[in-house]
Amino acid sequence: MWILLAILVIILIIAFNTIKIVKQSEVYIIERLGKFHKVADAGLTIIIPFVDHVRSVVSLKQQTMDIPPQGVITQDNVTITIDTVVFYRVTDPAKAVYEIQSLKKGIEYLAITTIRDIVGKMDLDDTFSSRDAINDKLRVILDEATDQWGCKVDRVEIKDITPPADIRDAMEKQMNAERNKRALILQAEGERQSAVTLAEGKKEAAILEAEADKEAKIRRATGEAEAIKKVAEAKAEEIHLVYDAMMKSKPDEKLVQLKSLETLKEVAQGDANKIFIPFEATKALSSLGSVSEIFKDKKSDK
C-alpha cells in the first residue's frame with residue numbers, strides 16, 4: 001500500500017514537472033541541461049523532467065517603467081529635476097533573458113544617461129518648450145540601444161520638469177509681468193477702439209447735423225421765396241383791381257396823380273432798397289414842390 005502511494009506521488013511530481021501550461025501573452029524560456037532549448041508559447045507544453053527546466057517567464061505585454069527623478073544640469077547651468085516614464089515591450093524573449101542580466105535596470109540606466117546628455121545641450125526655456133522633441137530623441141536612442149536586448153521602446157514621456165525654487169519664483173514673476181503687459185495692451189487697444197468709435201460717431205452726427213441744417217435752410221429759403229412770390233402776386237392783383245376800377249370810373253389827371261402818390265407811399269414802406277417812380281408821379285411831385293415854394297414865399301413876406 002505504501003509503495004503504491006509512493007509511486008503515485010512520484011508520478012504526480014513527474015507530471016507536475018513535465019506538463020507546463022503557458023498563459024496568454026507570456027512565454028517560457030526552456031533550458032535543457034543548462035543550455036537554451038526553446039521558447040514555449042501560450043498553451044500546453046511538455047518538458048522532460050530533471051533534464052529541462054523553465055529558466056524564465058517573459059511577459060509580451062507592453063510594460064511601463066518609471067525612471068526615478070533625476071537632477072540634470074542644463075546648458076545655462078540650471079539644475080532641474082526630470083521625472084520620466086518609458087513604455088516598452090519584449091520582442092525577442094531569448095535575447096531579453098540572455099543578452100543582459102536585467103532588462104529593466106539596463107533600460108533605466110540608459111534612459112538616465114540619455115536624458116542628461118540631451119537636456120545638458122539645451123537651455124532652461126528650451127526644456128519647457130521642447131518636451132515633444134526630448135521625448136522623440138529619447139525614444140529613438142533607447143529603441144536603437146535596446147534592440148540588441150530583444151526590446152522595443154514604444155514611447156518615452158517626461159512627466160514633470162521641476163526647476164529650483166528661486167528659478168520658479170523668477171519664472172512666476174516673469175509670467176505675472178507678461179500677463180500685466182498683455183492686460184495693459186488689451187486695455188489700451190480697447191480705449192483706442194472706443195475713442196475711434198466715439199470720434200466716428202461724432203463725425204457722423206456732425207455730418208447729419210450739417211445736412212439737416214442745410215436742408216432746413218433750403219426749405220426756409222424756398223418758403224420765403226414762395227411767400228414773397230405770393231405777396232407779389234397779391235400786390236399785383238390788388239394793383240390790377242385798382243387800375244380796373246380807375247379805368248371804369250374814367251379818372252382825371254389829378255386823381256391819377258393822387259393814386260400814384262398813395263402807391264408810392266406803400267412801396268416806400270416795403271423792405272426793398274430801390275424805388276421805381278412812374279413818370280406820371282413825377283408831375284405830381286413837381287406840383288407839390290411848387291406848392292411848397294409858394295407857402296415858403298408867403299411866410300417870408302410876413
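Preceding this paragraph is the structure being described.
Anyway, here's the lowdown on the structure attached to this text.

## Some points on the overall build of the chain
- Counting its regular elements, the chain contains 8 helices and 8 strands.
- Relative to all contacts within the chain whose residues are 6 or more apart in sequence, the contacts with residues 24 or more apart total 62%.
- About 22000 Å² of surface is accessible on the chain, with carbon and sulfur atoms providing 58% of the total.

## Description of the sheet that holds strand E3 (residues 35–40)
- Taking strand neighbours across the sheet as the criterion, the 3 strands line up as E3-E2-E5 in an open arrangement whose pairing is antiparallel. Bordering the open sheet on either side are E3 and strand E5 (52–59), each of which pairs with just one other strand. Geometrically, the sheet is characterised by an average inter-axis angle of 25 degrees between neighbouring strands, direction not taken into account.
- Relative to E3, strand E2 (residues 26–32) runs antiparallel, the two sharing 5 bridges. Across the sheet, residue Glu31 finds its bridge partner in E3, namely Phe36.

## Some points on the nonpolar core
- Core analysis: the largest hydrophobic core is formed by 34 residues, its most contacted members being Ile80, Ile82, Val86 and Leu103.
- When residues of this core are traced back to their parent elements, those giving at least two are E2, strand E6 (63–73), strand E7 (79–90), helix H2 (93–98), helix H3 (103–119), helix H5 (131–146) and strand E8 (151–162).
- Considering each element in turn, this core owes the most residues, 8 residues, to H3.
- Among all residues touching Leu103, those that are not within four sequence positions of it are Tyr88, Val90, Ala96, Trp149 and Cys151.
- Counting 5 residues, the second largest nonpolar core, distinct from the first, contains Val22, Tyr28, Ala40 and Ile47.

## Here's the deal with the packing of aromatic side chains
- Counted according to the given criterion, the structure contains 1 aromatic pair.
- Summarising the aromatic geometry, the rings of Phe36 and Tyr98 are spaced 5.7 Å apart at their centres and angled 75 degrees between planes, so their arrangement reads as edge-to-face. Of this pair, Phe36 sits in strand E3 while Tyr98 sits in helix H2, placing them 62 residues apart in sequence.
- Classification of Phe36 by relative accessible area gives partly exposed; the value is 36%.
- Residue classification places Tyr98 among the partly exposed residues on the basis of a relative accessible area of 34%.

## Quick look at the side chain of Glu108
- Topologically, Glu108 is positioned in helix H3.
- For the buried Glu108, which has no salt bridge, the nearest side chain bearing the opposite charge is Lys105, at an N-O separation of 4.3 Å.
- Excluding its chain neighbours within four sequence positions, the residues that come into contact with Glu108 are Met65, Ile67 and Pro68.

## Examining H3
- With 17 residues, H3 ought to run about 24 Å at 1.5 Å a step, and its terminal C-alpha atoms sit 24 Å apart, in line with that.
- By the burial criterion, the buried members of H3 are Leu103, Gly106, Ile107, Glu108, Leu110, Ala111, Ile112, Thr114, Ile115, Ile118 and Val119.
- Where the residues of H3 are buried, they touch E6, E7, H2, helix H4 (124–129), H5 and E8.

## Topic: a nonpolar patch on the surface
- On the surface, Trp2, Leu5, Leu8 and Leu12 cluster together to form a nonpolar patch covering roughly 480 Å² of accessible area.
- In this structure, Trp2 sits in helix H1 (residues 2–18).

## Points about the environment of Glu99
- With respect to the helices and strands, Glu99 occurs in the loop between H2 and H3.
- In this structure, the C-alpha to C-alpha distance between Glu99 and Gln148, residues 49 residues apart in sequence, is 7.5 Å.

## Structural notes on the environment of Asn77
- Within the secondary structure layout, Asn77 lies in the loop between E6 and E7.
- Under the relative-accessibility criterion, Asn77 is labelled exposed at 67%.
- Spatially, the C-alpha atoms of Asn77 and Met122 are 10.0 Å apart, while their sequence positions differ by 45 residues.

## Quick look at unusual backbone geometry
- Look at Ser25: it is not a glycine, yet its phi comes out positive at around 70 degrees.
- Mapped onto the elements of the fold, Ser25 is located in the loop between strand E1 (19–22) and E2.
- Even without being a glycine, Leu33 presents a positive backbone phi close to 55 degrees.
- Structurally, Leu33 can be placed in the loop between E2 and E3.

Criteria and cut-off values
Residues numbered from 1 in each chain as written. Predicted model: local features only at pLDDT ≥ 70, side-chain atom pairs only at ≥ 80, totals over all residues. Heavy atoms only, no water. Helix = DSSP H or I, 4+ residues; strand = E, 2+ residues; numbered from the N terminus. Contact = heavy atoms within 4.5 Å. Areas by Shrake-Rupley, 256 points an atom, 1.4 Å probe, with all protein chains shown as cover. Pairing = 2+ DSSP bridges. Axes fitted to C-alpha atoms, helices over the stretch in contact; angles between N-to-C directions. Core = buried A, V, L, I, M, F, W, Y, C linked by side-chain atoms within 4.5 Å. Buried < 20%, exposed > 50% of the residue type's maximum accessible area, 1.4 Å probe, protein only. Phe/Tyr/Trp six-rings, centres within 6.5 Å; stacked < 30°, edge-to-face > 60°. Lys, Arg positive; Asp, Glu negative; His and termini not counted. Salt bridge = Lys/Arg side-chain N within 4 Å of Asp/Glu carboxyl O. Expected span 1.5 Å × (residues − 1). Patch = residues over 30% accessible without salt bridge, like charges linked within 9 Å, V, L, I, M, F, W, Y side chains within 5 Å.

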